[in-house]
Amino acid sequence: MRIIVTGGAGFIGSAVCRHLVSNTNHAVLNVDKLTYAGTLTSLVAIENAPNYRFVRADICDSTTIERVFETFAPQAVIHLAAESHVDRSITGSRDFVDTNVIGTYQLLEVTRGYLSKLPIDQREAFRFLAVSTDEVYGSLGAQGLFTEETPYDPSSPYSASKAASDHLAMAWQRTYDLPIILSNCSNNYGPHQFPEKLIPLMILNALEGRSLPVYGDGSNVRDWLYVDDHARALVLVLEQGQVGRKYNIGGRNERSNIDVVKRICLLMDQLRPEQAPHARLITYVTDRPGHDYRYAIDAGRIENELGWRAEETFESGIDKTVRWYLDNSAWWQPLRNKVYGGERLGTVRPPEVTS
Ligand SMILES: NC(=O)c1ccc[n+]([C@@H]2O[C@H](COP(=O)([O-])OP(=O)(O)OC[C@H]3O[C@@H](n4cnc5c(N)ncnc54)[C@H](O)[C@@H]3O)[C@@H](O)[C@H]2O)c1
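Residue positions are counted from 1 within each chain, in the order its sequence is given. Where local features are concerned, this predicted model is filtered to residues with pLDDT of at least 70; where side-chain atom pairs are given and counted, the filter is 80 or more; whole-chain, interface and lining totals use all residues. Where side-chain values are given, they derive from all heavy atoms of the structure, hydrogens and water being excluded.

The subject of this paragraph is the overall build of the protein. What the protein contains, in helices and strands, is 12 helices and 13 strands. Every radius of gyration here is taken over C-alpha atoms, with the globule rule written as 2.2 Å times N^0.38, N being the number of residues. Relative to the compact-globule value of 20 Å for 355 residues, the protein shows a C-alpha radius of gyration of 20 Å, a close match. Burial here depends on accessible area, computed with a 1.4 Å probe over protein chains only, as a share of the maximum for the residue type. Under 20% is buried, over 50% is exposed, and the range in between is partly exposed. The 355 residues of the protein split such that 55% are buried. Contacts between residues were defined by any pair of non-hydrogen atoms, one from each residue, lying within 4.5 Å. The contacts of the protein with a sequence gap of at least 6 include a subset with a gap of at least 24, amounting to 82%. Counting rule for charge: Lys and Arg are taken as positive, Asp and Glu as negative, and neither His nor the chain ends is counted. A single reference atom marks each charge: NZ on Lys, CZ on Arg, CG on Asp, CD on Glu. Once the 36 positive and 43 negative side-chain charges of the protein are each reduced to a mean point, those two points are 2 Å apart. The numbering of helices and of strands both runs from the N terminus, where a helix is a DSSP run of H or I of at least 4 residues and a strand a run of E of at least 2.

Here it is in structure tokens:
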């Protein structure tokens, strides 16, 4: 298939592009605006491959996206482009509404126009996979798991914008018969994750001897999914998933934030013993507003229907991740120096009123 991957210069998108280009026969066009979170250096391994191309474009710019569709003639879309950091959405939600809501809307409309000109057999074979998050389901207590039937109950501007994106995609399937499949995954981690997110931030702060800021009492629980497991899952869902259906994707690796940070400290003690014990750097800071307590995914559908399983345990995945960051300062150092230096994000600002 010729596949458009939106947001392919981001963390998960670049893993999807690398997987598609290296391990499958599909051809990839990576469409990315290159916001602060987009990094082409995540794609150097495949940049010269004959089945890979990149175009810089904003999904909100429907004229350009229409041209991209006409030229590349895709047979599928994997839509990952988004503003993705909850803390940034608390400080300023406008970009989240623009890209995650309006951007998805524009992409759906361009796809609808493009499909209307295709012969019926090509239209029926087309797939649009919208990649979303488990955060749309809201917060769990100590028990229970999110299933595909859990009602949406988003808490943050980020998760609300992703919920809106999901609703648009599913409505376009029901109303216009667009071949939409939706996936909702848990927290990803692994190489090439922008250093504002919990795991890379903790690794790099520990390496530099800076404090390790843990929100609240650190008891919030996330279900960690190694990014390459997720990339495999997405390609499988695209190839074999059912149109109009949702697939939850999770690693069955629940950990509290403080346990994640302590595990990183332990690995850093082994790999950089001269700075041990790194746990001395842990500092508890004021909690994030609206911080969901627990997310946990029931991945039964994708496991039973499509035969997918997460291959990494949290222990194996975090070990690989810490080693990758220690070995790849050329990837993260420019981002840390010029784009985001590790300062606290997510403070509440006055309303953004636009005329
Ligand atoms: N990272 C996670 O743990 C996680 C968990 C669940 C779901 N998701 C979802 O997966 C997707 C990818 O997440 P990620 O962590 O890789 O995000 P990321 O922030 O690392 O990457 C997002 C990419 O989208 C691009 N982008 C942003 N706005 C754009 C626009 N208007 N037009 C074109 N490109 C644009 C950015 O340049 C960047 O390359 C998102 O939809 C996110 O909501 C992520």
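Now that the structure has been shown, we can carry on.
Regular strands place their side chains on alternate faces of the sheet. For strand 6 (residues 180-185), a buried count of 6 out of 6 residues is recorded, marking the element as mostly surrounded by other parts of the structure. Here strand 6 shows no split at all, with I180, L182 and N184 on one side and I181, S183 and C185 on the other all buried. Between any two strands, pairing holds if DSSP finds at least two bridges. Across 6 bridges, the pairing between strand 5 (residues 127-133) and strand 6 is parallel. Note that in strand 6 the partner of S132 across the bridge is N184. For a crossover, the right-handed case is the one in which the path from the first strand over the helix to the second runs clockwise, viewed with the strands pointing away from the viewer. In this view, the connection linking strand 5 to its parallel neighbour strand 6 by way of helix 6 (residues 157-176) has right-handed handedness.

What makes a patch is a set of residues exposed beyond 30% relative accessible area and free of salt bridges, joined within 9 Å when like-charged and within 5 Å when nonpolar (Val, Leu, Ile, Met, Phe, Trp, Tyr). Accessible areas in this description were obtained via Shrake-Rupley with a 1.4 Å probe; residue shielding takes into account the shown protein chains only. We define a salt bridge as a side-chain nitrogen of Lys or Arg found within 4 Å of a carboxyl oxygen belonging to Asp or Glu. Residues V97, I102 and Y105 make up a contiguous nonpolar surface patch of about 230 Å² in total accessible area. For V97, the location among the structural elements is in helix 4 (residues 94-116).

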